[in-house]
Amino acid sequence: MANEPNATSRFAPRYSEIPTFMRTPLIRDPSKLDIALVGVPFDAGAENRPGQRHGPREIRNMSSLTRSIHHVTKINPYELCRIGDMGDVAFPCAFDLEKSHADITRFYATLREADVAPLSAGGDHSISLPILRAIAGRQPVGMVHIDAHTDTCDEELGSRFTHGTPFRRAVEEGLLDPKRVVQIGIRGAQNSEEGWVFSLDSGMRVIFIEEFSRLGVEAVIAEVRRSVGDCPTYVSFDIDSLDPAFAPGTGTPEVGGLTTIEAQGLLRGLRGLNLIGGDVVEVSPPFDSTGNTALVGATMMYEILCVVADAVSQRKGTSK
Ligand code: MN
Ligand code: MN
């Protein structure tokens, strides 16, 4: 079921053509896709340092550096699935956070109806809630959430829909099954313990960075597999899970984080789970003076693409 690119080519020189995610073809019709790569240029949910609205464009540019065959797993996602760049979610009411979230949900509902798995580039982390509203409409899903923060606060500055609250809302709205949610890489002082407390009290498995370091990548993967089982599972990767030495261009950097190779190992370990899509959020190009954060974001997207393509091809019977 391979889709060999037509318009923009993954085989053209990397510096040429209009940049799409992973140099895949721009395809707006979801019926032609198994996996849609989507940009969500939105940062009205960022409290302190915004700029995540510029994430998709820079991640697209840096994603021209990614190639096809994974050097460890040997997965070639482009041979397993029809993959294309669906462009960006449009925001006709960009100054209105809740209307914009509704625009995100409408966009992803078309993907769900067409049985297309989404892999998105944010955008601040508030975008994961309206995505989950679209794709978890029928039953609560599990989630592997890699982040410095639990993002389960009740509200910030009078809003209940910021990048610090999406997964509390998702539990309240019945979109996530908290007993099948694992949060990995949590750290950094808070002014209130309410986020940590909500995550733990709701039944999420919260792996602070100290426990991650103690257990190691393989044992954390085993813990993830135990928690999510064969439940349909979403992957949400906040770039601030990484140490700012690797990914400084983000809104809420926290030192003492994951290394890039730990995060890659973790994502590879998700192979075989019943994955339904994912996102990479919180890349903020205005704070990314070298462009490395966008490269890291593109690379994590490619890692997620490989394991999601493997899962989709197993479900659709399209694997070789
Ligand atoms: Mn986050
Ligand atoms: Mn975070």
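Residues take numbers from 1 onward in each chain, read along the sequence in its written order. Working convention: letters from A go to chains and numbers from 1 go to ligands, in the order in which they are written. Per-residue local features of the predicted model are confined to residues with pLDDT of at least 70, and side-chain atom pairs are confined, for both listing and counting, to 80 or more; whole-chain, interface and lining totals are unaffected and use all residues. To get the side-chain values, take all heavy atoms of the structure and skip hydrogens and water.

1. Side note on the overall build of the protein
Just so we agree on the cut-off: In this text, helices come from DSSP runs of H or I with a minimum length of four residues, and strands from runs of E with a minimum of two, each type numbered from the N-terminal end. Throughout, the radius of gyration refers to the C-alpha atoms, and the reference size of a globule is 2.2 Å times the residue count to the power 0.38. When a residue's accessible area, from a 1.4 Å probe over protein chains only, is under 20% of the maximum for its type it is buried; when over 50% it is exposed; and in between it is partly exposed. Any two residues whose heavy atoms approach within 4.5 Å are treated as being in contact. Residue-level accessible areas treat just the shown protein chains as cover; the underlying method is Shrake-Rupley with a 1.4 Å probe.
Looking only at helices and strands, the protein features ten helices and eight strands. For a compact globule of 320 residues, the expected C-alpha radius of gyration is about 20 Å, and the protein comes in at 18 Å, within 12% of that figure. Overall, the protein is about 50 × 40 × 40 Å in size when its C-alpha atoms are taken along their principal axes. Looking at the protein as a whole, 61% of its 320 residues are labelled buried. Considering only contacts within the protein whose residues lie at least 6 apart along the sequence, 76% involve residues at least 24 apart. When the accessible surface of the protein is summed, it comes to about 12700 Å², and 53% of that surface belongs to carbon and sulfur atoms.

2. What about the coordination of the manganese ion (ligand 2)?
To keep things clear, this is the line we draw: Water is not part of the atom set, so a site may look incomplete; the donors themselves are N, O and S atoms within 2.8 Å of the metal, or 3.2 Å for Na, K and Ca.
In this structure, Asp147 (OD), His149 (ND1), Asp238 (OD), Asp240 (OD) and Asp240 (OD) serve as the protein donors to the manganese ion (ligand 2), at separations of 2.1 to 2.6 Å. Here the donor residues of the manganese ion (ligand 2) are spaced in sequence according to D-x1-H-x88-D-x1-D. A separation of 3.2 Å is found between the manganese ion (ligand 2) and the manganese ion (ligand 1), which share aspartate 147 as a coordinating residue. Take aspartate 147 and histidine 149: they sit in the same class, and that class is buried.

3. Examining helix H6 (residues 194-202)
An α-helix turns once per 3.6 residues; consequently, residues spaced three or four apart project the same way. To keep it simple, the criterion reads: The arc in question is traced by the directions running from the helix axis to the C-beta atoms.
Inspection of H6 places Gly195, Phe198, Ser199 and Ser202 among the buried residues, and these make up the whole buried set. Buried residues of H6, seen end-on, are gathered within an arc of 95° and therefore sit on one face of the element. Next to the buried residues of H6 lie helix H5 (166-172), strand E5 (176-186) and strand E6 (205-208). Where H6 ends, the next residue or the one after it, glycine 203, has phi of about 105°, a positive value.

4. Looking at the nonpolar core
The condition is simple: Buried Ala, Val, Leu, Ile, Met, Phe, Trp, Tyr and Cys residues that are joined via side-chain atoms within 4.5 Å together make up what is termed a nonpolar core.
If you look at the biggest cluster of nonpolar residues, it comprises 53 residues, and the most contacted ones within it are Ile35, Ile184 and Phe237. Of all the elements, helix H10 (residues 292-316) adds the most residues to this core, at 14 residues. Sequence-distant contacts of isoleucine 35, that is, excluding residues within four places in its chain, are made with Cys81, Arg82, Ile83, Gly84, Val116, Ala117, Leu119, Leu305, Val308, Ala309 and Val312. Core analysis: the next-biggest nonpolar cluster, separate from the first, contains 38 residues, Ala36, Leu97, Leu111 and Leu129 among them.

5. Some remarks on the coordination of the manganese ion (ligand 1)
Looking at the manganese ion (ligand 1), one finds its protein donor set to be His125 (ND1), Asp147 (OD), Asp151 (OD) and Asp238 (OD), positioned 2.1 to 2.2 Å from the metal centre. Between consecutive donors of the manganese ion (ligand 1), the numbers of intervening residues give the motif H-x21-D-x3-D-x86-D.

6. As for the sheet that holds strand E3 (residues 117-122)
Sheet strands pair by backbone hydrogen bonding; their relative direction is either parallel or antiparallel. We count it as follows: Strand pairing is assigned whenever DSSP identifies at least 2 bridges connecting the two strands. The axes are straight lines fitted to the C-alpha atoms, using for helices just the contacting stretch, and the angles between their N-to-C directions are given from 0 to 180°.
Pairing is parallel across the open sheet formed by eight strands, whose spatial order is E2-E1-E3-E8-E7-E4-E5-E6. With one partner strand each, in any of the chains shown, strand E2 (83-88) and E6 form the two edges of the open sheet. Neighbour to neighbour, the strand axes of the sheet diverge by 15° on average, direction disregarded. Against the sheet, helix H1 (residues 55-62) engages strand E1 (35-40), E2 and E3, with an angle of about 105° to E3. On the sheet, helix H9 (residues 260-268) packs against strand E4 (141-146), E5 and strand E7 (233-238) and is oriented at approximately 170° with respect to E7.

7. Observations regarding the pattern of salt bridges
Short version of the rule: Counted as salt bridges are all cases of a side-chain nitrogen of Lys or Arg within 4 Å of a carboxyl oxygen of Asp or Glu.
On inspection of all chains with the given rule, the structure shows 20 salt bridges. With a closest N to O distance of 3.6 Å, arginine 160 and glutamate 172 form a salt bridge. Here the residue arginine 160 occupies a position in the loop between E4 and H5, and glutamate 172 occupies one in helix H5, the gap between them amounting to twelve residues. On the basis of relative accessibility, which here comes to 37%, the residue arginine 160 falls in the partly exposed class. Judged by its relative accessible area of 44%, glutamate 172 is partly exposed. Of the charged contacts in the structure, one is a salt bridge between arginine 168 and glutamate 194, with a shortest N-O distance of 3.2 Å. Here the residue arginine 168 occupies a position in helix H5, and glutamate 194 occupies one in helix H6, the gap between them amounting to 26 residues. By relative accessible area, which is 28% here, glutamate 194 ends up partly exposed. Each of the salt bridges in this network shares a partner with another, and the network as a whole consists of Asp154, Arg160, Arg168, Arg169, Glu172 and Glu194.

By themselves, these observations are geometric and do not establish any function.
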